[in-house]
Amino acid sequence: QVQLVESGGGLVQAGGSLRLSCAASGSIFRVNVMGWYRQAPGKQRELVATITRGGSTNYADFVKDRFTISRDNAKNTVYLQMNSLKPEDTAVYYCNVDLLNANLVRMDYWGKGTLVTVSS
């Protein structure tokens, strides 16, 4: 009933930019915190950034001053603007959404992931 659709990943040169999008749809009453996580080959998943409904943000230290998370509550969509990309940013980026579904049950959903590859 709930679907997350991610887009925006791809191949980019070091120093370049990408913008990721994740739209939540389905039986949703309210979307609460939205965020982005990433997992590089051979490494554990790590938090990139989160954003509350009110716009409060939280960033991992390694992306501060380079990445910006934002959201459009009317569209249940979260974005991640990634600038000054580095090869070490290469990873599968996953959208995460904490929400109340139509039955007012709190649920946590993950997108399928979108691959970001930064070449040197």
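A few points on the structure. Here the structure is a predicted model, which is why all the values come from computation and not from measurement.

**Description of the overall build of the protein**
Here comes step 1: Each helix and strand in the protein was counted, giving zero helices and 11 strands.
Here comes step 2: Taking 120 residues into account, the globule formula puts the C-alpha radius of gyration at 14 Å, and the protein, at 14 Å, falls close to it.
Here comes step 3: The buried share of the protein, reckoned over its 120 residues, is 43%.
Here comes step 4: In the form shown here, the protein has an accessible surface area of approximately 6400 Å², with 47% of it arising from carbon and sulfur atoms.

**What to know about the environment of Thr57**
Here comes step 1: Within the secondary structure, Thr57 sits in strand β6 (residues 57-59).
Here comes step 2: Under the relative-accessibility criterion, Thr57 is labelled partly exposed at 40%.
Here comes step 3: Taking the C-alpha atoms as reference points, Thr57 and Trp36, 21 residues apart in sequence, are found 11 Å from one another.
Here comes step 4: In this view, Thr57 contacts Thr50, Ile51 and Ile69; residues no more than four positions away in its chain are not counted.

**A short note on the packing of aromatic side chains**
Here comes step 1: One pass over the full model with this rule turns up one aromatic pair.
Here comes step 2: Sitting above the plane of the Tyr79 ring, Arg19 keeps its charged end 4.1 Å from the centroid.

**Some details on the environment of Val97**
Here comes step 1: Tracing the backbone shows Val97 in strand β9 (residues 91-101).
Here comes step 2: Exposure remark for Val97: the relative accessible area of 0% places this residue in the buried category.
Here comes step 3: When the C-alpha positions of Val97 and Asn32 are compared, they lie 7.3 Å apart, and in sequence the two are 65 residues distant.
Here comes step 4: What Val97 contacts, discounting residues up to four positions off in sequence, is Leu4, Val31, Val33, Met34, Met107, Asp108 and Tyr109.

**Some remarks on the state of the cysteines**
Here comes step 1: Here the structure, examined in full by the defined rule, presents one disulfide.
Here comes step 2: Cys22 shares a disulfide with Cys95; S-S distance 2.1 Å. Here the S-S torsion is close to -80 degrees, and the disulfide linking Cys22 with Cys95 is therefore left-handed. Of the two residues, Cys22 sits in strand β3 (residues 18-26) while Cys95 sits in strand β9, which places them 73 residues apart along the sequence.

**So, the sheet that holds strand β7 (residues 67-72)**
Here comes step 1: Ordered in space as β1-β3-β8-β7, the four strands form an open sheet in which the pairing is antiparallel. Unpaired on one side and paired on the other, β1 (2-7) and β7 mark the two borders of the sheet. Each adjacent strand pair in this sheet contributes to an overall mean axis angle of 15 degrees, direction not counted.
Here comes step 2: The pairing of β7 with strand β8 (residues 77-82) spans six bridges and is antiparallel. Across the sheet, Asp72 pairs through a bridge with Thr77, a residue of β8.

**Overview of the pattern of salt bridges**
Here comes step 1: Scanning all chains against the criterion turns up five salt bridges.
Here comes step 2: The partner of Arg38 in a salt bridge is Glu46, with the nearest N and O atoms 2.9 Å apart.
Here comes step 3: Look at Arg38 and you get buried, because its relative accessible area is 6%.
Here comes step 4: Lys64 is the salt-bridge partner of Asp61, the closest N and O atoms lying 3.4 Å from each other.
Here comes step 5: Among the residues examined, Asp61 registers a relative accessible area of 66% and is labelled exposed.

Parameters and conventions
Residues numbered from 1 in each chain as written. Predicted model: local features only at pLDDT ≥ 70, side-chain atom pairs only at ≥ 80, totals over all residues. Heavy atoms only, no water. Helix = DSSP H or I, 4+ residues; strand = E, 2+ residues; numbered from the N terminus. Rg over C-alpha atoms; globule rule 2.2 N^0.38 Å. Buried < 20%, exposed > 50% of the residue type's maximum accessible area, 1.4 Å probe, protein only. Areas by Shrake-Rupley, 256 points an atom, 1.4 Å probe, with all protein chains shown as cover. Contact = heavy atoms within 4.5 Å. Phe/Tyr/Trp six-rings, centres within 6.5 Å; stacked < 30°, edge-to-face > 60°. Lys NZ or Arg CZ within 6 Å of the ring centre and 35° of its normal. Disulfide = S-S within 2.5 Å. Pairing = 2+ DSSP bridges. Axes fitted to C-alpha atoms, helices over the stretch in contact; angles between N-to-C directions. Salt bridge = Lys/Arg side-chain N within 4 Å of Asp/Glu carboxyl O.

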